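One letter stands for each residue in the lines below.
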Amino acid sequence: MHAFFQAAHMTCRLPAQGGEHTLFDDLEFSMDQGQIVDLVGPSGVGKSTFLMGVAQLDPHCTGELSLEGRDAGGYGMRQWRVLVSYLPQSPMLIGATVADVIRLPWRFAVRRQALATSRRSRAFAAARELVTSKSGVVYGPDDDEIRGALDDLGCADIELHRPSHDLSGGQMARVSLCRTLLTRPKVLLADEVDSGLDDDNAAKVAETMRIAAQRGTSIIRVRHRAPDGLADRIVTLSEGRLL
Amino acid sequence: MSSGSYDIDLLGLAVALCMAAGAALFSGLLKLGVGKSLLIASCRSLLQLLAMGLVIQFIIKSNNPWLVMALAVVMLCAAVQITLARAHGIPKGLAFPVFLTLAVTMLFMVALVGELIIRPKPWYAPQLLLPLIGMMLGNCVSAIAVAMSRFYESMEERRDEIGTMLALGASPWECSRTSIVSSMRLGLLPTVASLASSGIVTIPGMMAGQVIAGGDPLVAAKYQFVVFAAIAALTLLADAIIMTRIYRTCFTDRDQYRPWISRTSSKA
């Protein structure tokens, strides 16, 4: 019986002077659908690298990954990242307005292809219908859906057409989270998403993740805050081993 | 043709060289730090130009298509070397894409400007093709060098942005597009500027040369326009080819951004 998500033999070797430096070697990790797992450990131990390796974003990481019993190789690189989505620590908002920023993922070919095949394949529940707005035909969630998602994250004060560079650091982090959540990934890899937020807003982010997990998204969180009681499991990465 | 032309004698060359030497001396006094290289570059350019003049003279006399092609290939190889030396912060191993780009552009130049617009007889007329190839290569070398430097610089600046885009399912092409557009624009700027200012602010080199050598100014103007238009189009083509050849070097074959790309520390 396969776990919903599995990572086996995860290894990261960084090039170093006079050879290689092994950050971690032969790690095993698995989780069920809708679980929240916190990944903790000292700084610089490779938590972010592990998440990036799981999303196949780190060129130094190798391992055997599978989702819903299917090997990562069977998905293709971009489809894998659509389904197993890494949310970086520093929010990077690309687009003129908040709405543009949030609709960015739907401008990529991988989701347009998914849109074309969504009726045939259940793997792409994240694909959306075309939305017509005042500015013409755009891909992605409509304004109401974005509004609702932002409100849930405690961003009622962020207008959709506000210039994205006007946002504060905490607001940027939440808009970034909102963007990834709306793509409905099967596995969310959240890298210190709540680190720049006050307790109140961190609680809102946690609540949003709880709802996402209830809807079936499995979430791995790298956190430095005190445990918030949301995680089904807390895993420690230390000296290259998962405990 | 030589009826209206004025040759430059040795004294003339010496005076020109003295002007460069004077400028070098002046810059030495001002401690600009370019005096020595200015002098060396002046002497080098005099020798190179005279040598090129002799070679072209020989090839025009011999009127042999193989010799024309051989010189074109030599110019092409030199252009590749100069492009790689002039571009800053680019990874190693780009000689082949640059060669391919310049070769394709050169073939287009010969086919379109030579055989379609001017239609010389014989088709390989050295006095036409060699200067055309030289002008085209000169422009493409600077455009490609600027575009490549800017591309790698821009990709490095956008590293976090690219990481985010990849994480959201973007392809390497989608990640690179912003940098490709800005690099191509920068590579094309001088060409567009020279198109717009020609005839009003400047009499471009080729037209000036033809007029000084006693050619009909109207014919010279037509030639100049054809060359400018062709260079504008071919510079864009060259930029487009080199970008499609090199953007992938920023990514691994698993579509991961490659931050440790080895850079050459070349100087201009």
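Computed from a predicted model, the values in this text were never measured in an experiment. (Residues numbered from 1 in each chain as written. Chains lettered and ligands numbered in written order. Predicted model: local features only at pLDDT ≥ 70, side-chain atom pairs only at ≥ 80, totals over all residues. Heavy atoms only, no water.)

Visitor: So what's going on with the sheet that holds strand β3 (residues 36-40) of chain A? Residues and values would help.
Guide: All names here are of chain A. Here six strands make up an open sheet; going across it, the order is β6-β9-β10-β3-β11-β12 and the pairing mixed. Whereas interior strands pair on both sides, the edge strands pair on one side only; in this sheet they are β6 (84-87) and β12 (241-242). Where β6 and strand β9 (residues 187-191) come together, four bridges link them in parallel fashion. By the bridge assignment, Ser85 is partnered in β9 with Leu188. Contacting β3, β6, β9, β10 (218-222), β11 (233-238) and β12, helix α1 (residues 47-54) crosses the sheet at an angle of about 155 degrees to β9. (Pairing = 2+ DSSP bridges. Helix = DSSP H or I, 4+ residues; strand = E, 2+ residues; numbered from the N terminus. Contact = heavy atoms within 4.5 Å. Axes fitted to C-alpha atoms, helices over the stretch in contact; angles between N-to-C directions.)

Visitor: Kindly report on the confidence of the model for chain B, identifying the contributing residues and their values.
Guide: Residues and elements named next belong to chain B. Summary statistics for chain B give a mean pLDDT of 87 and a share of 95% for residues scoring 70 or more. In the model of chain B, helix α8 (residues 205-212) stands out as the element of lowest mean pLDDT, 84, in contrast to helix α6 (residues 159-167), which has the highest, 94. Across residues 262-268, confidence stays below pLDDT 50; counting only partners more than four residues off in sequence or on other chains, it has 18 contacts. (pLDDT = per-residue confidence, 0-100.)

Visitor: Break down the layout of surface pockets for me, citing the residues and quoting the values.
Guide: Residue and element names in this part refer to chain B. Of the voids in this model, the second largest pocket is the one considered here, and its volume is about 910 Å³. What lines the second largest pocket is a set of 22 residues, among which Arg44, Gln48, Ala78, Ala79 and Ile82 lie closest to the centre. Elements with a contribution of two residues or more to the lining of the second largest pocket: α2 (35-62), α3 (65-86) and α5 (126-157). Broken down by element, the lining of the second largest pocket gets its largest block of residues, nine residues, from α3. In terms of residue class, the lining of the second largest pocket is made up of 14 nonpolar, five polar and three charged. (1 Å grid on protein atoms, 1.4 Å probe; cavity = no way out; pocket = protein on both sides within 12 Å on 5 of 7 lines; lining within 4 Å. Points joined across faces, edges and corners; volume = space filled by probe spheres on them. Nonpolar A, V, L, I, M, F, W, Y, C, P; charged D, E, K, R; others polar.)

Visitor: Tell me about the interface of chain A and chain B, residues and numbers included.
Guide: With 24 residues of chain A at the interface, the matching set in chain B holds 19 residues. Here chain A and chain B share an interface that buries about 1900 Å² over both sides, 60% of which is from carbon and sulfur atoms. Considering only the side of chain A, the residues that lose the most area to chain B are Arg78, Arg81 and Phe108 of chain A, jointly responsible for 29% of the buried surface there. One can count one salt bridge joining chain A with chain B. Between Asp255 of chain B and Arg78 of chain A there is a salt bridge, with its nearest N and O atoms 3.3 Å apart. Our enumeration of links across chain A and chain B arrives at eight residue pairs in polar contact (both at pLDDT 80 or more). Every element with two or more residues in the side of chain A that touches chain B is listed here: α2 (77-83), β6, α4 (109-117) and α6 (169-182) of chain A. Take the side of chain A that touches chain B: its biggest share by element is four residues, from α2 of chain A. (Buried area = accessible area lost by both parts, 1.4 Å probe. Salt bridge = Lys/Arg side-chain N within 4 Å of Asp/Glu carboxyl O. Polar contact = N/O pair within 3.5 Å; in protein donor to acceptor, adjacent residues only side chain to side chain.)

Visitor: Go over the pattern of salt bridges with me, naming the residues and quoting the values.
Guide: Counted according to the given criterion, the structure contains 19 salt bridges over all chains. A salt bridge links Arg147 of chain A to Asp151 of chain A; the nearest nitrogen and oxygen atoms lie 3.1 Å apart. With Arg147 of chain A and Asp151 of chain A both in helix α5 (residues 143-152) and four residues apart, the pair spans about one turn of that helix. In this structure, Arg248 of chain B engages Asp255 of chain B in a salt bridge whose closest nitrogen and oxygen atoms are separated by 2.6 Å. Put simply, Asp38, Asp194, Asp199, Arg221, Arg223, Arg225 and Asp228 of chain A are held in one network by salt bridges that share partners.

Visitor: Requested: an account of α6 of chain A, with residues and values cited.
Guide: Between its first and last C-alpha atoms α6 of chain A spans 20 Å; for 14 residues at 1.5 Å apiece the expected length is 20 Å, and the two agree. Here α6 of chain A lies mainly inside the structure; twelve of its 14 residues are buried. For α6 of chain A, every residue scored as buried is listed here: Gly170, Gln171, Ala173, Arg174, Val175, Ser176, Leu177, Cys178, Arg179, Thr180, Leu181 and Leu182 of chain A. Where α6 of chain A is buried, its residues meet β6, α3 (98-103), α5, β9 and α7 (199-214) of chain A together with α6 of chain B. Note on α6 of chain A: the residue one or two positions beyond its end, Arg184 of chain A, has a positive phi of about 50 degrees. (Expected span 1.5 Å × (residues − 1). Buried < 20%, exposed > 50% of the residue type's maximum accessible area, 1.4 Å probe, protein only.)

Visitor: Explain the pairing of β10 of chain A residue by residue, including any values.
Guide: Looking down a regular strand, the side chains alternate between one sheet face and the other. All names here are of chain A. Judged by how many residues are buried, β10 sits mostly within the fold: five of five residues are covered. Side chains Ser218, Ile220 and Val222 of β10 all project onto a buried face; the interleaved residues Ile219 and Arg221 project onto the opposite face, where all are buried too. What joins β9 to β10 is α7, and the crossover it makes is right-handed. (Right-handed = clockwise from strand over helix to strand, strands pointing away.)

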